Amino acid sequence: QVQLVESGGGLVQAGGSLRLSCAAAGGTFSTYTMAWFRQAPGKEREFVVGISRSGGITNVIDSVKGRFTVSRDNAKNMVTLQMNSLKPEDTAVYYCAAETNYIIYYGTNWKEFDYWGQGTQVTVSS
């Protein structure tokens, strides 16, 4: 019922910035908890940031705290991840995901998310 499409990935030098966008089609976007996950080569999928239905509550892992900011525009069915001060360790495929079963969801388990985008590659060079 829901399709998610990420965009905005690319190659940047350490210290640079990227803005990732996730566009949703179908369903009712404003009722979903949204999140960004990432997966680096040889590593497990990792939760990065989450944002509540209204956008008022965010959850950010410590390693990106102060560098990444997540926001959403429900009128545009869009969630955005602004990434600043990028580090080589941020290199990964970044995935947009939607959780649809709860009024509010605080979890970070990728297995509990219902819809996924195809991912966008972020590469940060030293």
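Quick note: structure is the one above.
Residues numbered from 1 in each chain as written. Predicted model: local features only at pLDDT ≥ 70, side-chain atom pairs only at ≥ 80, totals over all residues. Heavy atoms only, no water.

Focus on the nonpolar core
Core analysis: the largest hydrophobic core is formed by 36 residues, its most contacted members being M34, W36, V79, L81, M83 and Y94. Secondary structure elements with two or more residues in this core: strand 3 (18-25), strand 4 (33-39), strand 5 (46-51), strand 7 (68-73), strand 8 (78-83), strand 9 (92-99) and strand 11 (120-125). No other element matches strand 9, which puts 5 residues into this core. (Core = buried A, V, L, I, M, F, W, Y, C linked by side-chain atoms within 4.5 Å. Buried < 20%, exposed > 50% of the residue type's maximum accessible area, 1.4 Å probe, protein only. Helix = DSSP H or I, 4+ residues; strand = E, 2+ residues; numbered from the N terminus.)

Here's the deal with the state of the cysteines
Tallying each qualifying case throughout the model produces 1 disulfide. Linked covalently through their sulfurs, C22 and C96 form a disulfide whose S-S length is 2.0 Å. Handedness here is read from the sign of the S-S torsion; for C22 and C96, about -80°, the answer is left-handed. With C22 in strand 3 and C96 in strand 9, this pair connects stretches of sequence that are 74 residues apart. For the pair shown, C22 and C96 are each scored as buried. (Disulfide = S-S within 2.5 Å.)

Brief notes about a nonpolar patch on the surface
A cluster of nonpolar side chains, contributed by I57, I103, I104 and Y106, occupies part of the molecular surface with about 440 Å² of accessible area. Inspection of the secondary structure puts I104 in the loop between strand 9 and strand 10 (115-116). (Patch = residues over 30% accessible without salt bridge, like charges linked within 9 Å, V, L, I, M, F, W, Y side chains within 5 Å. Areas by Shrake-Rupley, 256 points an atom, 1.4 Å probe, with all protein chains shown as cover. Salt bridge = Lys/Arg side-chain N within 4 Å of Asp/Glu carboxyl O.)

Structural notes on the pattern of salt bridges
Following the criterion strictly, the structure yields 3 salt bridges and no others. Of the charged contacts, one joins R38 and E46 as a salt bridge, the two residues approaching to 2.9 Å between their closest N and O atoms. A residue is classified by how much of its surface remains accessible, and E46, at 31% relative accessible area, is partly exposed. Of the charged contacts, one joins R38 and D90 as a salt bridge, the two residues approaching to 3.0 Å between their closest N and O atoms. Here the residue R38 occupies a position in strand 4, and D90 occupies one in the loop between strand 8 and strand 9, the gap between them amounting to 52 residues. Three or more residues are tied together by salt bridges with common partners; here these are R38, E46, R67 and D90.

A short note on the side chain of T80
With respect to the secondary-structure elements, T80 resides in strand 8. Excluding residues within four positions of it along the chain, T80 makes contact with R19, L20, S21, W36, T69, V70 and S71. (Contact = heavy atoms within 4.5 Å.)

Quick look at the packing of aromatic side chains
Within the structure shown, the criterion is met by 5 aromatic pairs. Relative to W116, the ring of Y95 lies with its centre 6.4 Å away and its plane at 80°, an arrangement referred to as edge-to-face. Of this pair, Y95 sits in strand 9 while W116 sits in strand 10, and the two are 21 residues apart along the sequence. Classification of W116 by relative accessible area gives partly exposed; the value is 24%. Ring pairs connect the aromatic residues F37, F47, Y95, F113 and W116, which therefore count as one cluster. R45 extends its terminal NZ or CZ atom over the ring of Y95, reaching a point 5.3 Å from the ring centre. (Phe/Tyr/Trp six-rings, centres within 6.5 Å; stacked < 30°, edge-to-face > 60°. Lys NZ or Arg CZ within 6 Å of the ring centre and 35° of its normal.)

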